[in-house]
Amino acid sequence: MKKGYVITLLLIVASFIIIIIIYNVYQISTNINTSNPQNCNIFKENESGRINIVYLTDNKALVESYTNTFLNTQPYKNNSQYFNFYYREDTNINCDIYQKIALLCYNSERVKLAKECNADFIVSFADTSKNIRSSTYKNFISININHPNSVLIHEFGHAIGELVEEYITSYLPHNHLNCVESCDDFNYKGFNNNNIDGCFKGCSLSDLYRSIDEGVMRTLSSSEYGKYNEYLIENKIQELLKNKFITKQEIFRRDLIYTDGIEDNKLIGESFIYEKS
């Protein structure tokens, strides 16, 4: 009788431990924040949300404007249920001007602020001269509010989709799925290249090809990625959802900074291996 009682007790304890482990794994995998700080404001939150975008500003109208632009752009529009949007006051005063040409708001204090809202992607803003470029570094986007709202779409193309510039620039990152060597190469993971918008020469380098003539990775007069680039981003979204923490580590390992600005109404920029000044 005693032996049976001990076995039963052990089974109950083991079951209880398993339940706790499963619950904790579920909490981590769904990125539920059970201790939302007082200063972390919810702008839009979905029950099935997995990818958290945190704006470092207390200007709700600004957040609404950029979020509307984001959610009205494909493929984010069709995947809107997977995104949460938060905002909080940026207690830092100034952003750096990287290489004297680009806005760079990235620093450890801002990252810490955003992490308190469980940020996957961070967006910071500054009101500076129009000739100062916006930028993306890792998962951190620095927006010059004197650029069109479409600059957010362009920068998210870098941050979440790992897309490279489709205008001509001086540097081509190693991973450049949206810039290919021939029109037959728009076939990532079985994509039918008969479905592309077109095939146009000039994509970061003059001898590579892009799949859309005037898409947002080439000009801020558009907020459209094009069918092939939408497909690439949607794949990245699904990877992020399925294996979020590994994907985040991959994001954080990237040392590129993309800088994008406007000159004579044209999108210009350069990519650099980031070096702290």
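Everything here concerns the structure above.
Please read these numbers as outputs of a predicted model, since none were measured by experiment. (Residues numbered from 1 in each chain as written. Predicted model: local features only at pLDDT ≥ 70, side-chain atom pairs only at ≥ 80, totals over all residues. Heavy atoms only, no water.)

J.: Please give an account of the state of the cysteines that cites residues and values.
T.: Using the criterion set out here, one finds 4 disulfides in the structure. The residue that forms a disulfide with cysteine 40 is cysteine 117, at a sulfur-sulfur distance of 2.2 Å. Separated by 77 residues along the polypeptide, cysteine 40 in the loop between α1 (2–29) and β1 (41–44) and cysteine 117 in the loop between α3 (108–115) and β6 (121–126) bring together distant segments of the chain. Judged by relative accessible area, cysteine 40 falls into the buried class, the value being 5%. (Disulfide = S-S within 2.5 Å. Helix = DSSP H or I, 4+ residues; strand = E, 2+ residues; numbered from the N terminus. Buried < 20%, exposed > 50% of the residue type's maximum accessible area, 1.4 Å probe, protein only.)

J.: Tell me about the packing of aromatic side chains, residues and numbers included.
T.: The relative placement of two aromatic rings is captured by the distance of their centres and the angle of their planes. Scanning all chains against the criterion turns up 17 aromatic pairs. The rings of Tyr55, Tyr66, Phe70, Tyr76, Phe83, Phe85, Phe121, Phe125, Phe156 and Tyr225 are connected pair by pair, giving a single aromatic cluster. (Phe/Tyr/Trp six-rings, centres within 6.5 Å; stacked < 30°, edge-to-face > 60°.)

J.: Explain helix α2 (residues 60–71) to me, using residue names and the numbers behind them.
T.: Since there are 3.6 residues in each turn of an α-helix, residues three or four apart along the chain are aligned in direction. Counted at 1.5 Å a residue, the expected span for α2 with its 12 residues is 16 Å, and the 16 Å between its end C-alpha atoms agrees. Considered for burial, the residues of α2 that qualify are Leu62, Val63, Tyr66, Thr67, Thr69, Phe70 and Leu71. If you follow the buried residues of α2, they end up packed against β1, β2 (51–56), β3 (83–88), β6, β8 (140–144) and α4 (150–159). (Expected span 1.5 Å × (residues − 1). Contact = heavy atoms within 4.5 Å.)

J.: Run through the nonpolar core, naming residues and quoting values.
T.: Counting residues in each nonpolar core, the largest one holds 39 residues, and the members touching the most others are Tyr55, Phe70 and Phe156. Of all the secondary-structure elements, those providing two or more residues to this core are β2, α2, β3, β6, β8, α4 and α5 (227–242). Considering each element in turn, this core owes the most residues, 6 residues, to α5. With near-sequence residues (within four places) excluded, phenylalanine 156 lies in contact with Ile53, Phe70, Tyr76, Phe121, Val123, Ile141, Gly161 and Tyr225. (Core = buried A, V, L, I, M, F, W, Y, C linked by side-chain atoms within 4.5 Å.)

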